[in-house]
Amino acid sequence: AFGSREKLPHPSVSRSEGAMVNSGKNYPIELGWAFLLVVGYLVRVAFVSIRLPGAIGILLVGFAFSHFMQEDILENRNDLQRFAFLLVLLNAGFEVSIRRLRPAILLISLFPGVVEMAGIAGLAMLTHDVGIREGLVLGCVLFPLGEGLVIPKMNEFKAAYPDHALPRVTLTWAPLEATLALSLFSFLSSVSSSLTEGQLSPVLLVAEVVVRFVATVAAGGFVGAGAGWVLSHTSKITFRKKRIFTGSAVEAFLLVLGLGFGGFGLAKVVPNGFAPGSMLFDSDLFVIAVGSSFSDVADPIVLHNVEGFLAGIWVFGSIILFSMLGSRTEVQVFEHFPQILPFMLVGVACRFLGLCVAVPLAQRFGKHSHFAPKKMLLEILFLFLCSLPRATLQGALGAQPVQDNFFSHLGEQGKAWRQFIGQGSRLYIITFSILGSLLLEFLGPKLLLATADKTRRRAMSSAMPAIDEEHASCAPSQIGSPFFTESTPLSPTAGHRSPLSNGAAATSAAATSPSSAAEALSVTMAGEEDAPAEDTEWERQESNWDTFLSESGGERGLDSAHAAEHCILYRAETQ
């Protein structure tokens, strides 16, 4: 079912189930692509210029396109969305370093999201009379934050407030939560398929899931690590004293992308022997494992090059993903807002509760456990705001239950629940991408300022206008990707591993050693009165976050990454 294509619409299939009531229009396909790419990009730029998520603009373009959609694009719409989804999976793998996972980082990155997903699933079971699988699928689609909206904003905050730890905490947390959501959805998808066909007992089902998980991680890790090693040592691979590989950036990108496609397809044809049609590998998790192991093994320069090309192709992929999602949307979707609203309220309440539990526990993993209750509450509020923008994964996962025919054994109830999940994902995108982004835009700087110690607050107060003036021109663009940016080729990614200019490198270096930066600030402000006792206690709590980041390998090992960035910058400048 995952590989099937959308054929001619059937009278019994509604538009909400993924088919159009009217067939596509017969005109050159080039005109359709021209409309999507040009108009989609221009509308996205217009939305970003007024501080609204670009993904919403592309959704509106897709909705308009649905009224005159070209027939070939309509027929292959599912395949186009699947291509964009693979890019999301590959990037999620790049952002996760298995070697640097620690209990503290896992707690703050995963626990609040799991609580929100459980709350949404529980509400679905209570109010809609569905099973735990159906409720968990809904929760898995709705709970993940929009890392494509959050990570660019955190990079902006980190540049404006280089001494503050919270933006760096969020940069570590966001990709891990995205990976959790993708992995859980993949697991739920396989369980739903196996139970629907009724071919496995519960014991064999558990065994199959364990075998599939281990085999997928092992095989994907081996492929990604092998590719990382080979592409980092291309100069040593020769035949008759001639290099086989060119060592170019585009070569590395094409090989990694091809391996991702290969793993995604291989997972659909290798059986595991538990039951007819049961596969050994999970396609989504395989791609994530390839990306994660590749990023751990590959040379930092090779990794930067691959991410740069991936950023470029994601410009195309994001327009495909959100325009195709918009083409499935009807105005009538807003009629379902009263039904989705309780899930929104329960979800954000559970998220806040999870943060209230996770933040104190995560800070206790540090060597110094000094707590200022007022400051901790403000920190929780900031992290809560960071969790509100939603777009990328809701767009990628929301259409999967319809495409894969989830819950088909439930008949009409299963069909209605598939539609409900799709409607909920679209309403979440429209509501939270706008409301969440605006709240983070206007309240985030104030909370960062309020949670800094007295010395840092004085420096940050003067730096606040820099967000709108100095950093507006270089701030990462919000198109629904954590690495899309409109900068020069020297900065191919908006993520935390992007090559830096001289000034940005100095700023980032200060961010990685907040204690030395705080000492420099205190030298500059010598002669002023000492901070009161409460500020001293807040400084100690700030050191908890710094210890938490350093022990957890926060931001993928910043010291080694910065060392590589200087090499990349030098090479680019000499070229």
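Before going into details, it helps to say that this report is about the structure given with it.

The rules behind these values
- Note that residues are indexed from 1 along each chain, following the sequence as it is written.
- Thresholds applied to this predicted model are a pLDDT of at least 70 for local features of residues and 80 or more for the giving and counting of side-chain atom pairs; totals over whole chains, interfaces and linings are not thresholded and use all residues.
- As a rule here, side-chain values come from all non-hydrogen atoms in the structure, and water together with hydrogens is ignored.
- Only DSSP runs of H or I covering at least 4 residues are called helices, and only runs of E covering at least 2 are called strands; the numbering of each starts at the N terminus.
- We call two residues in contact whenever any of their non-hydrogen atoms come within 4.5 Å of each other.
- What sets the accessible areas is the Shrake-Rupley method with a 1.4 Å probe; for residues, cover comes only from the shown protein chains.
- To estimate the expected span of a helix, subtract one from its residue number and multiply by 1.5 Å.
- For a residue, the bend is simply the angle between two axes, fitted respectively to the seven-residue segment ending there and the seven-residue segment starting there.
- Buried means the residue's accessible area, taken with a 1.4 Å probe over protein chains only, is under 20% of the maximum for its type, while exposed means over 50%, and partly exposed covers the values in between.
- In the analysis that follows, any N or O atom pair within 3.5 Å is treated as a polar contact, provided that within protein one partner can donate a hydrogen and the other can accept it, and provided that, for residues neighboring in sequence, both atoms belong to side chains.
- The salt bridge criterion pairs a side-chain nitrogen of Lys or Arg with a carboxyl oxygen of Asp or Glu, the two atoms within 4 Å.
- Within this analysis, patches are made of residues with over 30% relative accessible area and no salt bridge. Like charges are joined at 9 Å or less; nonpolar side chains (Val, Leu, Ile, Met, Phe, Trp, Tyr) at 5 Å or less.
- Axes, fitted as lines to C-alpha atoms, cover a helix only where it is in contact. Angles between the N-to-C directions of the axes lie from 0 to 180 degrees.
- Roughly parallel means an angle under 35 degrees; roughly antiparallel means over 145; roughly perpendicular covers 65 to 115; every other angle is labelled oblique.
- Crossing handedness is read from the near helix: turned anticlockwise from the far helix by less than a right angle, it gives a left-handed crossing, and turned clockwise, a right-handed one.
- Amino acid classes used here: Ala, Val, Leu, Ile, Met, Phe, Trp, Tyr, Cys and Pro are nonpolar; Asp, Glu, Lys and Arg are charged; the rest, including Gly, are polar.

Right, let's talk about the overall build of the chain for a bit. Looking only at helices and strands, the chain has 22 helices and two strands in total. Long-range contacts, defined here as pairs at least 24 residues apart, represent 83% of the contacts in the chain between residues at least 6 apart. Of the roughly 23000 Å² that the chain leaves accessible, carbon and sulfur atoms contribute 66%.

Residues three or four positions apart in an α-helix share a direction because the helix packs 3.6 residues into each turn. Relative to the 40 Å expected for 28 residues at 1.5 Å per residue, helix 12 (residues 300–327) spans 39 Å between its end C-alpha atoms, a close match to the ideal helical length. Of all the bends in helix 12, the greatest measures close to 35 degrees and is centred on Trp314. Of all the 28 residues making up helix 12, 21 are buried; the element is thus mostly covered by neighbouring parts of the structure. The backbone nitrogen of Ile301 has a side-chain oxygen 2.9 Å away, supplied by the residue at the start of helix 12, namely Asp299.

Our next topic: unusual backbone geometry. Even without being a glycine, Arg240 presents a positive backbone phi close to 55 degrees. In this structure, Arg240 sits in the loop between strand 1 (238–239) and strand 2 (242–243).

Within the secondary structure, Phe111 is located in helix 5 (residues 103–127). Spatially, the C-alpha atom of Phe111 lies 9.9 Å from that of Val359, the residues being 248 residues apart in sequence. Apart from residues lying up to four places away in sequence, Phe111 is in contact with Leu106, Gly354, Val357 and Ala358.

The next thing to look at is the pattern of salt bridges. For side chains of opposite charge, pairing can occur when their charged atoms come near one another. Counted according to the given criterion, the structure contains seven salt bridges. In this structure, the salt-bridge partner of Arg133 is Glu134, at a minimum N-O distance of 3.7 Å. The partner of Lys375 in a salt bridge is Glu379, and the shortest N-O contact between them spans 4.0 Å. Note that Lys375 and Glu379 are positioned in helix 14 (residues 373–386) at a spacing of four residues, about one turn of the helix.

Taken together, Val206, Val210, Phe213, Val214 and Val217 make up a surface patch of nonpolar side chains, about 430 Å² in accessible area. You can see Val206 is positioned in helix 9 (residues 202–232).

It is worth spelling out the packing of helix 13 (residues 337–363) against helix 17 (residues 412–450) at this point. Two numbers describe a pair of packed helices, the interaxial angle and the distance between the axes. Relative orientation of the contacting elements helix 13 and helix 17 amounts to 65 degrees, with a least axis distance of 10 Å. If you check the angle between helix 13 and helix 17, you find them roughly perpendicular. Relative to helix 17, helix 13 is oriented so that their crossing is right-handed. From helix 13, Phe337, Gln339, Ile340, Phe343, Met344 and Val348 reach across to helix 17, where they touch Phe420, Gly424, Leu427, Tyr428, Thr431 and Phe432. Residue classes in the contact of helix 13 with helix 17 are distributed as nine nonpolar, three polar and no charged.

Attention shifts here to helix 6 (residues 132–142). Among the eleven residues of helix 6, nine are classified as buried, and the element is accordingly described as predominantly covered. Residues Arg133, Glu134, Gly135, Val137, Leu138, Gly139, Cys140, Val141 and Leu142 constitute the buried set of helix 6.

Turning to its location among the elements, Ile58 is positioned in helix 2 (residues 54–65). Between the C-alpha atoms of Ile58 and Phe322, which are 264 residues apart in sequence, the distance is 5.8 Å.

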